[in-house]
Amino acid sequence: MAPSSQPVGPDPAGPLPEPSTVDGAPDVPAESTVDSTVDSAVDWSALPDPIRARLAELAAEAVGALPKVDVPQQLRAVARFAPAKRARLGGGPIIAALRDVVGFRTAVVQWCREHRPAALDLGGDDPVAVAAAAVLLGEDSAVHYVELVTRRASDSSLRIARDTAVTRLSRVEAELARVQTLLDESAGVADRVRGESETELERLRKRLREQGVRLREAKDTAEAAQATADRLRAEVAAEVAAITEQRDRERERAETERARAERAEGDAEIARQSAREARQADEVRLALLVDTIDGAVTGLRRELVLGGGGPRPADLVRGATAAQGVVGRVEDPAALDRLLALPSVHLVVDGYNVTKTGYPDLSLADQRDRLVRQLAALAARTAAEVTLVFDGAGVVAVPVAAPRGVRVLFSDPGVLADDVIKALVTAEPEGRPVVVVTSDRAVADAVRRRGAHPVPSAVLLARLGRI
């Protein structure tokens, strides 16, 4: 199929319309200003891309040489670009400034007259350059030049589309001819293959009939072998089932015996552990009691040596019995020091009760750290065993270690620190001096009934303030 030879549009190589001239020279006033009335006729937003590129190129070249006062504010950043990048990166702002700012367009025209007068020539051969010059100068003929460039660009696009379609049609026709040739060749090959296939099919049918006879014989033999195999399989399955049942009974019996043995071992281990823990607790309590008695004996000996060897007159009064286990109140640091000087004394501190009395403005973590450091210094100056108890509720991370000489305890979830303190006092053997620092009256009364010495938190804080 031959392509059509008719032209799609007007010839783009045709001559440009001649602008009006005077004495044979183009009508470009040498010193006139730009006519802004042409903006009402020229639609800048509809300018073809070639004209926009030409205008952006001229203005980009001029903007770098214009005085700063002639450059609009929105183009001053573009003016700092490299000359090669201005038209490419700032084309949009440049075209907008040429359209909206008459002074800037006038400055660009003046620069072109001085440095590139050929760019304003309305009698040139390049329609894009002529149209750009007419738009820049504000000529009345700019609309006609723009329409001519637009029409030529459209005609060029149509011509390219037509040539592309004709080329594609030629390729399709060639491909169709090649496919037709291949189809003819394939038809001949198919006829030849069909004949060979029929011959081969007949030969295969003959072999199939022979194989059918053999297959029937083999099938009869297989059925007989299958029947024998089924009988043997049934016998083996019955024997395996009997053996499996016996094995399962033996396994269940062994598991029962093993579980019984493990329970017995667990009970024995629990009994041994309980015995060890009880023995260790008794040994610790006995050791503490011995230390307490030893300290008391030592103190008694010291008193006997310092105060004389006989009873006091008040000790010989008849009709009265000395009070046993009465614990007095401790109201000053000196009395606390006397308690801490007792042999094997155990100091138990209600942590938050002390910190919230002494420095409640600190966070709970800072309160704990400060009290632990102060008690460590106190433990280093005395021979007292120090146990610090905090309420564990709301504690995100429990410290993994405490300073030397201070045992830090946090109550478990659901357990109050007050209960832990009472349990510590109860766990001590009778006769060992225990000092409990708390301002909680209920806790103080409870530990006093158990034989401990309650000390207000303010007294401990005053003593710690002297360290």
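Within each chain, residue numbers correspond to sequence positions counted from 1 in written order. Confidence filtering applies because this is a predicted model: local features only for residues at pLDDT of at least 70, side-chain atom pairs given and counted only at 80 or more, and all residues used for totals across whole chains, interfaces and linings. To get the side-chain values, all heavy atoms of the structure are used, and hydrogens and water are removed first.

### Describing the nonpolar core
Right, so step 1: What is meant by a nonpolar core is a set of buried Ala, Val, Leu, Ile, Met, Phe, Trp, Tyr and Cys residues, joined one to another through side-chain atoms within 4.5 Å. We call a residue buried when its accessible area falls under 20% of the maximum for its residue type, exposed when it is over 50%, and partly exposed in between, using a 1.4 Å probe and counting protein chains only. Core analysis: the largest hydrophobic core is formed by 40 residues, its most contacted members being Leu55, Leu98, Phe104 and Val108.
Right, so step 2: Listing elements by their share of this core, those giving two or more residues are helix H1 (49–63), helix H4 (91–100), helix H5 (102–115), helix H6 (127–137) and helix H7 (142–307).
Right, so step 3: Residue contacts follow a heavy-atom distance rule, with two residues in contact if any of their heavy atoms lie within 4.5 Å. Setting aside its immediate chain neighbours within four residues, Leu98 contacts Trp44, Leu55, Ala59, Phe104, Arg105, Val108 and Leu136.
Right, so step 4: Counting residues in hydrophobic clusters, the runner-up holds 30 residues, among them Tyr359, Leu388, Phe410 and Leu461. Each helix is a run of H or I in the DSSP string that is no shorter than four residues. Each strand is a run of E no shorter than two, and both are numbered from the N terminus.

### Regarding the pattern of salt bridges
Right, so step 1: In what follows, salt bridge is the name for a side-chain nitrogen of Lys or Arg lying within 4 Å of a carboxyl oxygen of Asp or Glu. Scanning the entire structure with this criterion turns up 19 salt bridges.
Right, so step 2: As a salt-bridge pair, Glu385 and Arg407 come within 2.7 Å of each other at their nearest N and O atoms. You can see Glu385 sitting in strand S4 (residues 385–390) and its partner Arg407 sitting in strand S5 (residues 406–410), a full 22 residues away along the chain.
Right, so step 3: Since its relative accessible area comes to 37%, Arg407 is described here as partly exposed.
Right, so step 4: Through salt bridges with shared partners, a single ionic network connects Glu385, Arg407, Glu428 and Arg432.

### Topic: the sheet that holds S4
Right, so step 1: One bridge is not enough; two strands pair if DSSP finds at least two bridges between them. Strand order in the open sheet made by the 5 strands is S5-S4-S3-S6-S7, with parallel pairing throughout. Sheet topology places S5 and strand S7 (453–455) at the edges, where each strand pairs with a single neighbour. Geometrically, the sheet is characterised by an average inter-axis angle of 20° between neighbouring strands, direction not taken into account. To obtain an axis, a line is fitted to C-alpha atoms, over the contacting stretch when the element is a helix, and the angle between two such axes runs from 0 to 180 degrees between their N-to-C directions.

### Here's the deal with the packing of aromatic side chains
Right, so step 1: For Phe, Tyr and Trp, rings pair up if their centres lie within 6.5 Å, where Trp contributes its six-membered ring, and each pair is then called stacked (planes under 30 degrees apart), edge-to-face (over 60) or tilted (otherwise). Enumeration over the complete set of coordinates arrives at 2 aromatic pairs.
Right, so step 2: Relative to Phe390, the ring of Tyr352 lies with its centre 5.0 Å away and its plane at 55°, an arrangement referred to as tilted. Here Tyr352, found in helix H9 (residues 351–358), pairs with Phe390, found in strand S4; they are 38 residues apart in sequence, far enough to count as distant. Take Tyr352 and Phe390: they sit in the same class, and that class is buried.

### What to know about the packing of H4 against H5
Right, so step 1: Between H4 and H5, the least distance of the axes is 5 Å, while the angle of their chain directions is 105°. Comparing their axes, H5 and H4 come out roughly perpendicular. The segment H4 lies against H5, with Ile94, Ala97, Leu98, Arg99 and Asp100 engaging Val102, Phe104, Arg105 and Val108.
Right, so step 2: Amino acids are sorted into nonpolar (Ala, Val, Leu, Ile, Met, Phe, Trp, Tyr, Cys and Pro), charged (Asp, Glu, Lys and Arg) and polar (every other residue, Gly among them). Partitioning the contact of H4 with H5 into residue classes produces 6 nonpolar, no polar and 3 charged. Roughly parallel means an angle under 35 degrees; roughly antiparallel means over 145; roughly perpendicular covers 65 to 115; every other angle is labelled oblique.

### Focus: the confidence of the model for the chain
Right, so step 1: pLDDT expresses, on a scale from 0 to 100, how confident the predictor is about each individual residue. Model confidence for the chain is summarised by a mean pLDDT of 79, while 78% of its residues fall at 70 or above.
Right, so step 2: Long-range and interchain partners of residues 1–33, a stretch whose pLDDT sits below 50, account for 42 contacts in this model, where long-range means more than four residues apart.
Right, so step 3: Across residues 305–310, where pLDDT falls below 50, the model places 3 contacts with residues more than four positions away in sequence or in other chains.

### Notes on the side chain of Arg432
Right, so step 1: Examined against the element boundaries, Arg432 turns out to sit in the loop between helix H11 (417–427) and strand S6 (434–437).
Right, so step 2: Judged by its relative accessible area of 8%, Arg432 falls in the buried class.
Right, so step 3: We call two N or O atoms a polar contact when they sit within 3.5 Å, provided that within protein one can donate a hydrogen and the other can accept it, with sequence-adjacent residues counted only if both atoms are side-chain atoms. At a separation of 2.9 Å, a polar atom in the side chain of Arg432 contacts the side chain of Glu428.

### Notes on the pairing of S4
Right, so step 1: Burial runs high along S4: 5 of the 6 residues are buried.
Right, so step 2: Sheet topology places S4 next to S5; 5 bridges connect them, and they run parallel. The residue bridging Leu388 from the neighbouring strand is Val408, located in S5.

### With respect to the packing of helix H8 (residues 333–340) against helix H13 (residues 457–464)
Right, so step 1: Across the interface, H8 lies against H13 with an axial gap of 9 Å and an inter-helix angle of 85°. The pairing of H8 with H13 is recorded here as roughly perpendicular in orientation. Of the residues in H13, those in contact with Pro333, Leu336 and Asp337 of H8 are Val459, Leu460, Ala462 and Arg463.
Right, so step 2: Counted by class, the contact of H8 with H13 contains 5 nonpolar, no polar and 2 charged residues.

### Remarks on the pairing of strand S3 (residues 346–350)
The side chains of a regular strand alternate between the sheet's two faces.
Right, so step 1: Counting buried positions along S3 yields 5 of 5 residues, so the element is predominantly enclosed.
Right, so step 2: Because side chains alternate across S3, one face comprises the buried residues His346, Val348 and Asp350, and the other comprises Leu347 and Val349, equally buried.
Right, so step 3: Here S3 runs beside S4; their pairing, made up of 5 bridges, is parallel. Residue pairing in the sheet places Asp350 in a bridge with Val389 of S4.

### So, the environment of Gly64
Right, so step 1: Relative to the elements of secondary structure, Gly64 occurs in the loop between H1 and helix H2 (76–79).
Right, so step 2: A relative accessible area of 44% means that Gly64 is categorised as partly exposed.
Right, so step 3: Remark: the alpha-carbon pair of Gly64 and Phe81, spanning 17 residues in sequence, is separated by 8.7 Å.

### So, helix H12 (residues 441–449)
Right, so step 1: Regarding H12, the residues found buried are Val443, Ala444, Ala446 and Val447. Along H12, the residues classed as buried sweep out an arc of 165° about the axis, all on the same side. Every exposed residue of H12 that faces more than 90 degrees away from the buried side is listed here: Arg441, Ala442 and Arg449.
Right, so step 2: Contact partners of the buried residues in H12: H11, S6 and S7.
Right, so step 3: The residue sitting at the N-terminus of H12 and contributing the capping side-chain oxygen is Asp440; that oxygen lies 3.0 Å from the backbone nitrogen of Ala442. The arc in question is formed by the directions pointing from the helix axis toward the C-beta atoms.

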